[in-house]
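These are the residues of each chain, in order.
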Amino acid sequence: MERNRTGNPPDGRKTRQRLRFPKDENLVSDYLAHALRRDLAEGGILINREVQVYRNIKGAGDRIDLLLQAPTAAHAQSAPRRPDEPVAQVAIEVKGNWHDKIETAMETQLADDYLAALRTRNGLYLIAFFPNDQWTAKERKQPAAGQTRANLQDFYDAQAAQLSERRSLDVRAFVLDCTLRSPAQRNT
């Protein structure tokens, strides 16, 4: 996956400067869905993208970024799966490290909306980390100064543990490092 975009600013101005800004959450989710399908499909795991959990009259409603589903161990050998057989599910919510609701969405989106609607306990809060010092497009909202992959992982691991304990869930956090490699690193 080309990790960061380059090109003209989002406002359409033409410039000679090569601007760098992170991929949006949808592109990160698309890439993850592709990679998971490639790696997990043979194991009977379904990887679904943008699954609607609530419908509204104005549009598509609330949608889970990624939903992984597999027959439970007791039913894994039966093919085809019957509709009444249990399915293990993991909802994945993807956020960019610049997102304005990054600190609250693990609870408000993942736990309150998606896990509740699916009646499952299992969720993953995935943060795509794009280092602030690699952005040259100042038109884009940037993450907090001093933010690192490590401090994000520590913060969201603690948040996931507290949420899991408080609500009897199994929520995990993962920070995906989307740092651009230097030219020397790419050539090794």
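Here the structure is shown first, and the text comes after it.
The rules behind each value
Residues numbered from 1 in each chain as written. Predicted model: local features only at pLDDT ≥ 70, side-chain atom pairs only at ≥ 80, totals over all residues. Heavy atoms only, no water. Helix = DSSP H or I, 4+ residues; strand = E, 2+ residues; numbered from the N terminus. Buried < 20%, exposed > 50% of the residue type's maximum accessible area, 1.4 Å probe, protein only. Contact = heavy atoms within 4.5 Å. Areas by Shrake-Rupley, 256 points an atom, 1.4 Å probe, with all protein chains shown as cover. Core = buried A, V, L, I, M, F, W, Y, C linked by side-chain atoms within 4.5 Å. Axes fitted to C-alpha atoms, helices over the stretch in contact; angles between N-to-C directions. Parallel < 35°, antiparallel > 145°, perpendicular 65-115°, else oblique. Left-handed = near helix turned anticlockwise from the far one by under 90°. Nonpolar A, V, L, I, M, F, W, Y, C, P; charged D, E, K, R; others polar.

Novice: Explain the overall build of the chain to me, please; I cannot follow it from the model alone.
Specialist: What the chain contains, in helices and strands, is four helices and seven strands. Overall, the chain shows an N-to-C arrangement of helices and strands of β-β-α-β-β-β-α-β-α-β-α. Across the 188 residues in the chain, those meeting the buried criterion constitute 35%. By sequence separation, contacts in the chain at least 24 residues apart represent 59% of the contacts at least 6 residues apart. Accessible surface computed for the chain: about 11,400 Å², of which carbon and sulfur atoms make up 49%.

Novice: When you look at the nonpolar core in this model, what are you seeing that I'm missing?
Specialist: It is characteristic of soluble globular proteins that their nonpolar side chains tend to be buried jointly. Within the largest apolar cluster, 22 residues are counted, with the highest numbers of intra-cluster contacts made by Ala-91, Met-106, Leu-110, Tyr-125, Ile-127, Tyr-156 and Val-171. Elements that contribute at least two residues to this core include exactly strand S4 (62-71), helix H2 (105-118), strand S6 (122-129), helix H3 (149-167) and strand S7 (170-177). For this core, the leading source of residues is H2, giving seven residues. For Ile-127, the residues in contact, after removing those within four places along its chain, are Lys-95, Gly-96, Asn-97, Ile-102, Leu-152, Tyr-156, Phe-174, Val-175 and Leu-176. The next biggest cluster of nonpolar side chains, apart from the first, holds 14 residues, and it includes Leu-66, Ile-92, Trp-135 and Cys-178.

Novice: Looking at this model, I keep getting lost on the packing of H2 against H3. Mind explaining?
Specialist: In a packed pair of helices, the relevant descriptors are the angle between the two axes and the axis-to-axis distance. Contact pair H2 / H3: the axes reach a minimum separation of 11 Å and the direction vectors enclose 40°. Accordingly, the angle class assigned to the pair H2 and H3 is oblique. Two packed elements cross with a definite hand, and for H2 against H3 that hand is right-handed. Contacts between H2 and H3 involve Met-106, Glu-107, Ala-111 and Asp-112 from the first element and Tyr-156, Gln-159, Ala-160, Leu-163, Arg-166 and Arg-167 from the second. A class-by-class count of the residues in the contact of H2 with H3 yields five nonpolar, one polar and four charged.

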